[in-house]
Amino acid sequence: QVQLVESGGGYVQPGGSLRLSCAPSERIFNIITRAWYRQAPGKQRELVAVMTTDGTTNYADSVKGRFTISRDTAKNTMYLQMNSLKPEDTAVYYCNLYTYNYDYWGQGTQVTVSS
């Protein structure tokens, strides 16, 4: 019954920044990976950023150097810091937590980059 609640999406001009947040309704244990995905209209969902249990991160080539995935254990929250945003970053962004037992998804938050 655990849910991932996302926030931080919005409308921003090219070159701007946004920080997405994702917080589970209750603490989740045995996390294997934390990740952010996005899906643009008419497109397939794609992996944007992922963090493994040892802290290793990986990013889609299209966002390397601009996006950063992080976590705050004390606040039980994960983040996606997005800088130098481009129109092609426009999509619905979803957080994901994969555990040994369940695969949790956020409800999605809209990010629109336009002048």
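These notes cover the structure that comes with them.

Thresholds applied
Residues numbered from 1 in each chain as written. Predicted model: local features only at pLDDT ≥ 70, side-chain atom pairs only at ≥ 80, totals over all residues. Heavy atoms only, no water. Phe/Tyr/Trp six-rings, centres within 6.5 Å; stacked < 30°, edge-to-face > 60°. Helix = DSSP H or I, 4+ residues; strand = E, 2+ residues; numbered from the N terminus. Core = buried A, V, L, I, M, F, W, Y, C linked by side-chain atoms within 4.5 Å. Buried < 20%, exposed > 50% of the residue type's maximum accessible area, 1.4 Å probe, protein only. Pairing = 2+ DSSP bridges. Disulfide = S-S within 2.5 Å. Axes fitted to C-alpha atoms, helices over the stretch in contact; angles between N-to-C directions. Polar contact = N/O pair within 3.5 Å; in protein donor to acceptor, adjacent residues only side chain to side chain. Contact = heavy atoms within 4.5 Å.

Under the counting rule described, the total for this entry stands at two aromatic pairs. Arranged with centres 4.9 Å apart and planes meeting at 55 degrees, the rings of tyrosine 37 and tryptophan 105 form a pair that is tilted. Note that tyrosine 37 is positioned in strand S4 (residues 31-39) and tryptophan 105 in strand S10 (residues 103-105), a separation of 68 residues in sequence. Summarising the aromatic geometry, the rings of tyrosine 102 and tyrosine 104 are spaced 5.8 Å apart at their centres and angled 50 degrees between planes, so their arrangement reads as tilted.

In terms of nonpolar packing, the biggest core is built from 28 residues, with Trp36, Phe67, Ile69, Leu80, Met82 and Tyr93 touching the most fellow members. Elements represented by at least two residues in this core include exactly strand S3 (18-24), S4, strand S5 (46-52), strand S7 (67-72), strand S8 (77-82), strand S9 (91-99) and strand S11 (109-113). Take this core: its biggest share by element is four residues, from S9.

Further remarks concern the pairing of S5. Regular strands place side chains that alternate from one sheet face to the opposite one. Of the strand pairs in this sheet, S4 and S5 are connected by six bridges, and their pairing is antiparallel. If you follow threonine 33 over to S5, its bridge partner there is threonine 52. A loop of six residues connects S4 with S5, the two strands running antiparallel in sequence, and glycine 42 in this loop sits at a positive phi of about 75 degrees. Alignment of S5 against strand S6 (residues 57-59), held across three bridges, turns out to be antiparallel.

Once that is clear, we can look at the state of the cysteines. Following the criterion strictly, the structure yields one disulfide and no others. Each sulfur of the disulfide joining cysteine 22 and cysteine 95 lies 2.1 Å from the other. Between cysteine 22 and cysteine 95, the S-S torsion sits near 60 degrees, and that sign places the bridge as right-handed. With cysteine 22 in strand S3 and cysteine 95 in strand S9, this residue pair connects regions lying 73 residues apart in the sequence.

Moving on, we get to the sheet that holds S3. If you trace the four strands from one edge of the open sheet to the other, you get S1-S3-S8-S7, paired in antiparallel fashion. A single partner strand is all that each edge strand has here, and the edge strands are strand S1 (4-7) and S7. Sheet twist, expressed as the mean angle between neighbouring strand axes with direction ignored, is 20 degrees. The pairing of S1 with S3 spans four bridges and is antiparallel. Its bridge partner being in S3, valine 5 is matched across the sheet by alanine 23.

Our next topic: the environment of aspartate 89. Structurally, aspartate 89 can be placed in the loop between S8 and S9. A sequence separation of 50 residues divides aspartate 89 from glutamine 39, and the C-alpha atoms of the two residues are 9.5 Å apart. At 2.8 Å, the side chain of aspartate 89 forms a polar contact with the side chain of arginine 66.

It is worth spelling out the environment of alanine 23 at this point. Within the fold, alanine 23 resides in strand S3. Along the backbone, alanine 23 and tyrosine 102 are 79 residues apart, and their C-alpha atoms lie at a distance of 16 Å. Contacts of alanine 23, omitting those with residues within four sequence positions, involve Gln3, Leu4, Val5, Asn76 and Thr77.

The values reported here are purely geometric and, on their own, carry no functional implication.
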